[in-house]
Amino acid sequence: MTLPEWRTWVYWSEISDSKKITVDEFRQAISQYPRSAWLIACARLSILFKYGPEANTVASRELTAKWAPAMFPPVLLPRVMKESNQDRPIFFQGQLRYLASQVMRLNPAHEEDGKSIPDIILGGILLAAGELLYEPPPNNLTNDLDKLANYIADFLPTYEIDSHTDPIMLFLRFYIFLNIIIPTLPEHIKKQAAVEELWEKEFHFPLKRYWQLVYACTIHAMAERADLPADTPPPDGGIPISWFQNTNLTPEQISAVFDTISFQLSDLPDKKKVHGFADFEYLKDHPYFHTNDKVYAIDYEFAVAKLESGALWRVAMAMPKNKRETYFGFWGEVFDRYVHWIFETYTDKEKNKFYPSPMYLNGKDSRPICDGIVMCGSTAVLIESKLGTCAAEVRYSGEYQKFREYLERSLVTGSDRAIGVKQLLATIMNLTQRNKAFLPDYLRGVRKIIPVIITKDEIGSSWVTNAYLNTRFQEQLNRKACKPVKITPLVSMNVSTLERMITALSEMEFSDILEDRIENDTLLTGPFDAASSYVRHGMPGKLYKHLEILHELSETMGADLGMVE
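Residues numbered from 1 in each chain as written. Predicted model: local features only at pLDDT ≥ 70, side-chain atom pairs only at ≥ 80, totals over all residues. Heavy atoms only, no water.

Novice: How do you make sense of the packing of helix α9 (residues 168-181) against helix α16 (residues 306-318) when you look at a structure like this?
Specialist: In a packed pair of helices, the relevant descriptors are the angle between the two axes and the axis-to-axis distance. Following both chains from N to C, one finds α9 and α16 inclined at 40°, their axes separated by 8 Å at the closest point. With respect to α16, the element α9 is oriented oblique. Together, Phe171, Phe174, Tyr175 and Leu178 of α9 and Leu307, Glu308, Ala311 and Leu312 of α16 make up the contact between the two elements. By residue class, the composition of the contact of α9 with α16 is 7 nonpolar, no polar and 1 charged. (Axes fitted to C-alpha atoms, helices over the stretch in contact; angles between N-to-C directions. Helix = DSSP H or I, 4+ residues; strand = E, 2+ residues; numbered from the N terminus. Parallel < 35°, antiparallel > 145°, perpendicular 65-115°, else oblique. Contact = heavy atoms within 4.5 Å. Nonpolar A, V, L, I, M, F, W, Y, C, P; charged D, E, K, R; others polar.)

Novice: Mind showing me how you'd approach the nonpolar core here?
Specialist: As a rule of thumb, nonpolar side chains are buried together in soluble globular proteins. Judged by nonpolar contacts, the single largest core of 91 residues is most densely connected at Trp331 and Phe510. Residue contributions to this core peak at 11 residues, all from helix α17 (residues 321-346). Not counting chain neighbours up to four residues away, the residues in contact with Phe510 comprise Phe343, Asn352, Val374, Cys376, Val381, Ile383, Met493, Met501 and Leu505. Counting residues in hydrophobic clusters, the runner-up holds 59 residues, among them Val10, Ile15, Ala128 and Phe289. (Core = buried A, V, L, I, M, F, W, Y, C linked by side-chain atoms within 4.5 Å. Buried < 20%, exposed > 50% of the residue type's maximum accessible area, 1.4 Å probe, protein only.)

Novice: Could you clarify how one ought to interpret the pairing of strand β8 (residues 448-455) in this entry?
Specialist: The side chains of a regular strand alternate between the sheet's two faces. Of all 8 residues that make up β8, 8 are buried, and the element is covered over most of its length. Burial of the side chains of β8 extends over both faces: Lys448, Ile450, Val452 and Ile454 are buried on one face and Ile449, Pro451, Ile453 and Thr455 on the other. Bridge count for strand β7 (residues 379-386) against β8 is 8 bridges, and the pairing is parallel. Paired with Ile383 across the strands is Val452, a residue of β8. Strand direction decides the pairing type here: β8 and strand β9 (residues 486-487), joined by 2 bridges, are parallel. If you follow Ile449 over to β9, its bridge partner there is Ile487. Strand direction decides the pairing type here: β8 and strand β10 (residues 491-494), joined by 4 bridges, are parallel. Bridge assignment links Val452 to a residue of β10, and that residue is Val491. (Pairing = 2+ DSSP bridges.)

Novice: Explain the sheet that holds strand β2 (residues 262-263) here, please?
Specialist: Adjacent strands of a sheet pair through backbone hydrogen bonds, lying either parallel or antiparallel. Taken together, the 4 strands give an open sheet; going across it, the order is β1-β4-β3-β2, and neighbouring strands pair in mixed fashion. Both edges of this open sheet fall to β1 (238-240) and β2, since each of them pairs with a single strand only. Pairing of β1 with strand β4 (residues 294-297), which is carried by 3 bridges, proceeds in the antiparallel orientation. Residue Gly238 lies in a different strand from β4, and its bridge partner there is Tyr296.

Pasting the structure below:
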């Protein structure tokens, strides 16, 4: 297998033969026009370049050829098209995120006088925004783990910007959390977080109404990105809020929903602390711009993911800090059971025999062997599922020290209890050292073990994360004590990678998918997606149960909302 070629996006400085623009110079340039003009332009450009569906984050060569002549001065256009024809990205989603975020931070800002932005400057502004989306990391490190953590800090923002996941999966996954997974939890776990009650207490309208409107807005955004005849004028990009008066929602509910997903000019400037060049937290929390009677989706992915960022994070941030640990522990349990649900729903049961939360047979161990085991013949895949949430102050910091601390605490050793790597090491010792009578029958003839960590956070599949976790695993593994059982390198992935290998899971052994990833990238430094022959880009294939649930939501939503034309 040949790994995908690394392509760098085009910088403004190389096209214009100038020095790299500074952040202050960029802000000075965009402050020459009203904020509303920039924000609406971001929403419309996102539609024109079809960012979002099927994990599209880069404008195609065809769309670049169509729109670049209007967005660059004629003297620069040949250079731009030369780079585009060599498959270097000219326009990509991250540029709009950076531009919109800087616009929201402007203080002072240009008055709202109706001044229009000339199309001809848009290309240069976007290339400059892209150029500011990278800062070289320190290169004077000597410690190997420091070097690995430094690479993770450097590449995670880029991995996040260039998402491999169709955003509708972010909505659908959390919808399944709420409507499929949580209702099946034992009552004592449900009591840890009465999600709908907590939501309604904070926002004063039903959570069901929230996900229905988020989905309705998503359908609108998808429709605007559909292929249209060449002579169709560019879409306006705005959703008239007055349209929702055609539903059975009260004016108060409509206002409350849009207050949670959007911002107005009166809410600006964004004064949140900025943790790094790719910190788009305010935009992520407020992906819609509300002006007059319309809302504009500035970022498709953030807008579709608003169900989770509202229902989980907004509620959590409203809690006293001493209650958040229990709340996040509840969501960790929900995530663990979602991973179980995927294996139970989609895998070939003959080739992948799944055992959720398996227990030892001695009756004394109160904790499971691990979060899940997949038996592929005589190979046992040991799974630990972790939220692995990497906070913004770490995620966008670019600081390897913060990443090392985060990785150790969240995925390697834990703080007050074993976690991740340490859990898997203990499990492997138990399976290879303990009396076989304590083990379930299916584990007594194991000849090979593949340890796996699955995170909800994107970091699990991002650049170099797997290499760091495996290095820490190998440092502590006593191979001699495990003989004759073979122990493979540790493999990490995020849940979207697991979802996008569903087609393969329905046809082949999970162990073969994992060993393919190891063989194609023996250093384990590349993203799982790039090193795997079996993980598809965009919307997963054979996702029949997810699509069945989505279809049911689509069928019932119109009636529930009382929609009329």
